[in-house]
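# A look at the structure
These are the residues of each chain, in order.
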Amino acid sequence: MVGRRGRYYPAITPDILLRAYSIGLFPMAESADDPEIFWVEPEVRGVLPLDQFHVSHSLAKKMRRKPFDIRFDSAFEQVIEKCAEPAGDRPSTWINATIRKLYCELHAMGHAHSVEAFEGAELVGGLYGVSLGSAFFGESMFSRRTDASKICLVHLVERLKAGGFTLLDTQFTTEHLKTFGAIDIPKDDYLEKLKKAVESPHLKF
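Residues numbered from 1 in each chain as written. Predicted model: local features only at pLDDT ≥ 70, side-chain atom pairs only at ≥ 80, totals over all residues. Heavy atoms only, no water.

Applying the stated rule across the entire model yields seven aromatic pairs. Between F26 and F172 the ring centres are 5.8 Å apart and the planes differ by 80°, which places this aromatic pair in the edge-to-face class. Taken as a pair, F26 in strand β2 (residues 26-28) and F172 in the loop between β9 (167-171) and α6 (175-178) lie far apart in primary sequence, 146 residues in all. A relative accessible area of 0% means that F26 is categorised as buried. Taken together, a centroid distance of 5.7 Å and an interplanar angle of 25° make the contact between F136 and F205 stacked. Taken together, the residues span a long stretch of sequence, with F136 in strand β8 (residues 135-143) and F205 in the segment after α7 (187-199) at a distance of 69 residues. F205 gets classed as buried once you look at its relative accessible area, which sits at 11%. Ring-pair connections join several aromatic residues into one group, and the members of that group are F72, F136 and F205. Here the basic side chain of R71 rests over the ring of F118, its NZ or CZ set 3.9 Å away from the ring centre. The side chain of R159 reaches across the aromatic face of F72, ending 4.0 Å from its centre. (Phe/Tyr/Trp six-rings, centres within 6.5 Å; stacked < 30°, edge-to-face > 60°. Helix = DSSP H or I, 4+ residues; strand = E, 2+ residues; numbered from the N terminus. Buried < 20%, exposed > 50% of the residue type's maximum accessible area, 1.4 Å probe, protein only. Lys NZ or Arg CZ within 6 Å of the ring centre and 35° of its normal.)

Quick look at the structure:
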């Protein structure tokens, strides 16, 4: 992981967290069991340009069958809990109790949001992130059914584009995100885009 890191302690508040996002920092924990968090400031930042978002033909075909009931902000706490759970491809996560508490508080303030995929009454996929100005900072996603989190991402982008958002921050890029058009940009370029986004009026998600 490239970038500045610094230890922080539980005195962090939601307002401090929003301020951190506004200057290019985000928090992580060493593990789900570690009560402390640290700030991360990558030298290279992952972003998903909203005007270059790409959906594969196979995923678009699956979405036309509407395999899941997609909802927004209806199960935020469940989504972050699911994201914090170990999974087959992710035996441990960086989401600890401190992070869960802070983001639930941000959700109550209208600054953290979730997209959820339901199969009947069961939550089978989702993602969550933070909104500030015209920026959305993607935090984590999970999937308990094939393509559930991918379909949530497509719905997230559609919602952001409809709402006038200008920046979708993915923190880092992965091969998974690159298939949708995610790219890496230098920190200075990211901070320039971020400054413009957070100085704009806070958009409704």
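Under the criterion given, the structure shown has twelve salt bridges. Across the pair K187 and E41 runs a salt bridge, and its minimum N-O distance is 3.9 Å. Residue K187 is found in helix α7, and its partner E41 is found in strand β3 (residues 37-41); the two are separated by 146 residues along the sequence. The two residues K187 and E41 agree in class, both being buried. Between E43 and K187 there is a salt bridge, and its shortest N-O distance comes to 3.4 Å. (Salt bridge = Lys/Arg side-chain N within 4 Å of Asp/Glu carboxyl O.)

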